[in-house]
Amino acid sequence: MDKQEFLEKAKEVYKPASYARIVKAFEYAEERHKDQYRLSGEPYIAHPVEVAAILMDLGMDKNSIIAALLHDVVEDTGAKESEIKEKFGGTVTSLVHGVTKLSMLNFKSKEEAQAENYRRMFLAMSNDIRVIIIKLADRLHNMRTLAFKDPASQKRIAQETLDIYAPIAARLGIASIKGELEDLCLKYLHPEDYKYITNKVAATADERVQFVNRIIARIEAKLKEIGIKAEINGRPKHFYSIWRKMQKGKSFEEIYDLHAIRIIVDTVKDCYEVLGTIHTMWKPLPYRFKDYISVPKSNMYQSLHTTVLSSVGVPFEIQIRTHEMHRIAEYGIAAHWKYKQGEKFSTDSNDQKLAWIRNVMELQSEVDDSSEFLDMLKLDLYQDQVYVFTPAGDVINLPSGSTGIDFAYNVHSEVGNKCVGIKINSKMAHLNTPLSNGDVVEVITSSASKGPSRDWLNFVVTPSAKAKIRAFFKKEMKEDNIRRGKDMLEKEAKRRGYNLSELMACEEWKSYIQKKYNTTQADEIFAMIGYGGLTTNQVVVKMIDCFKNHIERGNVLDIKPARAEGTAGGGSGVLIKGYDGFLIRFSHCCNPLPGDKIVGYVSRGRGVSIHRADCPNVASYEPERLIEASWPAGIGEKFTASVNIEGDDRTGLFSDVATMLNNMKIYMTGISAKADKEVGTAVVTVTMEVDNLDTLDYVINKLRSIKGVYNVYRKSK
């Protein structure tokens, strides 16, 4: 759409005063982007214009259109938000701020940046839902022009769109955007499949049009006969939807809803009367009827769906809905726009249309880590829904697999925290019982309850329930969380060969937690780990990174023995030139065990790293920094070792290995398996704690006795 087309369309849609502001925003954006071009070679201004045009088609308000025109000026042209506010007002500035990417912040990785980007997007959405709708329009136009990116970028952007943006569009009920996004993703993620499907659809187009026209003519005649006014048309099935069904084993020819009819009538009464008429004309297929009018989807979608068999044996789907239902189905939350002159968008708790958005808002406020927020958001987006009832008859939709505890927390945080029992269809049920469509669920609460159980985290499904349970432990059991978190962190640091107090003393680490978690208190970090808001791996990996950066900038620590006695008591247990008490760590490249010949390597700021004498890495080290090392007699410490178990690729191999080690009371810190289907072999890799080399040799010999195992050996790296 060129400048003239865009402005003419805006003039038709908006009042003169609003149109004047849109023109002003267009001219400002055009001036700001004047020397910028897209990869396609066209002026950059074409992108914000197309985004604004998409929003106009959705019927969005003037401030949304203005924000769309300006959404890249802060990030890409250096324009200041203060200038935007002065020229276009606080509302537009807030929208632009919410949509702007986080490219100016310094993140450790692209994944961390993207996670924080989504978090910020939803934070902005909590103030103004228009942010997410503008973002969806922005992503849609970027997908339409993805051909100009390199192949790697195409796949990355398409996968991100399929993982996050298309499901968000679906949740908000904006089918017009969701369907196009999915089809474009298929084009770049599975180009051969896309080509096959588009060719098949094109090849059968004429035949399909003739079939649909015959069906429509029969329905029109019948409805005219019974006096019901209706709009009837064919509904093309999206390529991605066809592909999904083919992935489940169906051939192209077996997908019967390629033929689909949509009937739009005036009233709900007409919907059900048309349904009865259709079922007298053709035989309905069993289990293919869905009533989304009486029980709407969570994204506000309402319609009757039925699949019937034509006289020539071809199944086809019919959807029946009112004009209002159709508008909601196509535009979702945009169809229920509440922005009026001087009126702010309402997120009143009684408005069921915004239930999912409120859940996301709750989630982002109760989850500390951006990556965890993104993981939980994805989980929430991809869950199918189950519809259950309160004793009063209200419908509550939850993700498939949800339990009574998920239901309780959906009602209210305190109902979940005080829950002591669940009744399903008037019968007592276990708290972890999955709910089914149509269940009537009653929550039994007690004021004497001490709160949720940590075990609930093992079976609740909804991200909001998980977040609320963790929030309870965070608030009510802080001292226990601090103690538990510190213990967990110390063990993980020790397992990796580090001293926790030294890691936490690093100034770079203190600076990091100040920026990331807005605290300088170690207890706050311990508490987050204790209640499950952070994992020990997340924290220790970052600590070690900070420590290494500290060392690399020249902050070298001297290696000094704790005392001069050649005994093992109170030190590491390893003797360095006959002395104990050095700051040492065991190298993960060779995982030395008591009984191995070992050597020490003096590392800058890390003490002495202990390697097996035959470790391949030792040969590349500076000889002057190698130092004598030996094991003392009677050492009682646990050490980590890894072994590979090679065998036939058979069901139960993984389980047999784990069972044998468990029976031997060997503590496993990690286990994984990899199969080569072509040759029928598998490799199980186990990391375990053992006392010494003799114990490891014994374990290896026992593992060799497992059925189908033909080789067990210690990993050197």
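Provided above is the structure to which this section pertains.
Residue numbers restart at each chain and count upward from 1, following the sequence in its written direction. Owing to the predicted nature of the model, reporting of local features is limited to residues with pLDDT of at least 70; listing and counting of side-chain atom pairs is limited to 80 or more, with chain, interface and lining totals taken over all residues. Only hydrogens and water are set aside; all other atoms, that is, all heavy atoms of the structure, feed into the side-chain values.

### A few points about the pattern of salt bridges
Think of it this way: side chains of opposite charge can pair up when their charged atoms draw near.
At step 1: One speaks of a salt bridge when a side-chain nitrogen belonging to Lys or Arg is within 4 Å of a carboxyl oxygen belonging to Asp or Glu. One pass over the full model with this rule turns up 16 salt bridges.
At step 2: One salt bridge connects Arg612 with Asp614, and the closest N-O pair in it is separated by 3.4 Å.
At step 3: Only protein chains enter the area calculation, which uses a 1.4 Å probe; residues under 20% of their type maximum are buried, those over 50% are exposed, and those in between are partly exposed. Assessed through its relative accessible area of 12%, Arg612 is described here as buried.
At step 4: Residue classification places Asp614 among the exposed residues on the basis of a relative accessible area of 56%.

### A few points about the sheet that holds strand β10 (residues 427–429)
At step 1: A pair of strands counts as paired when DSSP detects no fewer than two bridges linking them. In this text, helices come from DSSP runs of H or I with a minimum length of four residues, and strands from runs of E with a minimum of two, each type numbered from the N-terminal end. Ordered in space as β10-β9-β11, the 3 strands form an open sheet in which the pairing is antiparallel. Two strands in the sheet have a free side with no partner beyond their single neighbour: β10 and β11 (441–445). Averaged over neighbouring strand pairs, the angle between their axes works out to 40 degrees when direction is ignored.
At step 2: Judged from the 3 bridges that link them, strand β9 (residues 419–424) and β10 form a sheet pairing that is antiparallel. Paired with Ile422 across the strands is Ala429, a residue of β10. Inter-axis angles, ranging from 0 to 180 degrees, are taken between N-to-C directions of lines fitted to C-alpha atoms, where helices are fitted over the stretch in contact.

### Some details on the packing of aromatic side chains
In this description, an aromatic ring pair is defined by two values, namely the gap between the centres and the angle between the planes.
At step 1: Pairing of aromatic rings covers Phe, Tyr and Trp, the last through its six-membered ring, and needs centres within 6.5 Å; plane angles under 30 degrees mean stacked, over 60 mean edge-to-face, and all others mean tilted. Scanning all chains against the criterion turns up 8 aromatic pairs.
At step 2: Aromatic pair Tyr292 and Tyr301: ring centres 5.9 Å apart, planes at 75 degrees, arrangement edge-to-face. Tyr301 carries the same exposure label as Tyr292, and that label is buried.
At step 3: Cluster of aromatic residues (ring-pair linked, three or more members): Phe211, Trp282 and Phe316.

### Focus on the sheet that holds strand β19 (residues 681–690)
At step 1: Within the open sheet, the 4 strands sit side by side as β18-β19-β17-β20. Their pairing is antiparallel. Across the chains shown, the open sheet's two edge strands, defined by having one partner strand only, are β18 (667–676) and β20 (709–714). Direction aside, the axes of adjacent strands within the sheet are offset by 15 degrees on average.
At step 2: Of the strand pairs in this sheet, strand β17 (residues 639–648) and β19 are connected by 10 bridges, and their pairing is antiparallel. In the strand pairing of β19, Asn644 is matched with Thr685.
At step 3: Residues count as neighbours in contact if any of their non-hydrogen atoms are within 4.5 Å of one another. Where helix α28 (residues 693–703) meets the sheet, it contacts β17, β19 and β20, and its direction lies at approximately 165 degrees from that of β20.

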